[in-house]
Amino acid sequence: MALKKGFKIFEIEKKPRKGLLAVEWIIIGYMVLTMLLAFFMTTKIHHIEPMIWGRFRMVMMMLGLWLVYRLIPCRFTMFCRILLQLLVLGLWYPETFEFNRHFPNLDPLFAGYEQQLFSCQPALLFSQAISHPVFSELMHLGYSSYFPLIALVTLFYFFRRYDEFLRAEFILLTAFFIYYVIFIFLPVTGPQYYYLAAGFDQIAQGVFPDVGNYFATHMEKATTPGWNNGFFYSLVEGMHDAGERPTAAFPSSHVGITTILMFLAWRTRCKPLFWFMMPFYILMCFATVYIQAHYAIDVIAGWISAIVIYAFLLFLSKKFV
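These numbers were taken from a predicted model, which means no experiment stands behind them.

The rules behind the values
Residues numbered from 1 in each chain as written. Predicted model: local features only at pLDDT ≥ 70, side-chain atom pairs only at ≥ 80, totals over all residues. Heavy atoms only, no water. Phe/Tyr/Trp six-rings, centres within 6.5 Å; stacked < 30°, edge-to-face > 60°. Helix = DSSP H or I, 4+ residues; strand = E, 2+ residues; numbered from the N terminus. Expected span 1.5 Å × (residues − 1). Buried < 20%, exposed > 50% of the residue type's maximum accessible area, 1.4 Å probe, protein only. Contact = heavy atoms within 4.5 Å.

Visitor: Describe in detail the packing of aromatic side chains, supporting the description with residues and values.
Guide: Counted under the stated rule, the structure contains 32 aromatic pairs. For the pair F158 and F159, a centre-to-centre distance of 5.0 Å together with 80 degrees between the ring planes defines the contact as edge-to-face. Taken together, the ring pairs in this structure connect Y30, W92, Y146, F147, F176, F177 and Y180 into an aromatic cluster.

So this is what it looks like as structure tokens:
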């Protein structure tokens, strides 16, 4: 059975898709939008050339893989087209900081909303209340499961639900770019950056000072709470050091994307897949606050935005995918 499926991956399709995929058009649209914004902000963005050449290379790679698919139209070459977009997601994310750091920082406003809703700062107190190494590792395990969960759902659809594969990836990838657009225009850095800039003593007293344009020139973040000798703690720290920026706090895209992944897992009607992912999903939702990556209201907004985005993209996918 496995051997037959392996051969099917390379089987030439009888009715190959001729043009670009819907999700590829979405990504081109995102590149055009952000490039126009970069030109509009050209006096503030001093390194616009790498953005231009980066987009040129992306278009060339996209067209190159489209040509390979047209020459060898099979599941494997289609998968390569999707894989390219998944692999470069980590490159688009830091770029949101290059835009939003030139807008007024909104963390004092959001930290204030957090205080009004919870009468405290959950991100400040959570790790202090439960500091046991085992709990810390569970939180960091949950947070580090983000990319493995994306890979798991993608591969499951590819191998077991190929007829729904492009729809699922359209929803997943487009959701990412919707969040990226939000992050560009909503400059909230989250507790790990704002608490350090404002001062932990002030935060503990419920005082949330305006830090002005601090993040336009600073990217320092607070030390991540938890057991710093843990394996998963080190893994999360490595991920943060590689690509984290003071951006993308509200809503939590980690929570939003993993919620969408749960919807996609449920849609497969494969209960083992859904229930296998559930513990990691729950840990993820708590972990974002525990490690001070997000305010609690970011998590709530992640849930709400995921429901709206998933429903909207599922509707669109039935028309365009």
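Now that the structure has been shown, we can carry on.
Visitor: Give me the lowdown on helix α8 (residues 133-144), citing residues and values where you can.
Guide: Helix length check: α8 (12 residues) gives 16 Å between terminal C-alpha atoms against 16 Å at 1.5 Å per residue, within 8%. Listing the buried residues of α8 in full gives S136, E137, M139, H140, G142, Y143 and S144. In the core, the buried residues of α8 are packed alongside α7 (122-129), α9 (146-160), α13 (231-243), α14 (253-267) and α15 (271-290).

Visitor: Before we move on, could you go through unusual backbone geometry and cite the residues and values that matter?
Guide: F250 connects to P251 through a cis peptide bond whose omega is -10 degrees. For P251, the position within the fold is in the loop between α13 and α14. Backbone geometry at A248 places phi at a positive 65 degrees, although glycine is not the residue there. Within the fold, A248 resides in the loop between α13 and α14. Owing to a relative accessible area of 6%, A248 belongs among the buried residues under this scheme. Even without glycine at this site, R269 takes up a positive phi of about 65 degrees. Within the element layout of this structure, R269 appears in the loop between α14 and α15.

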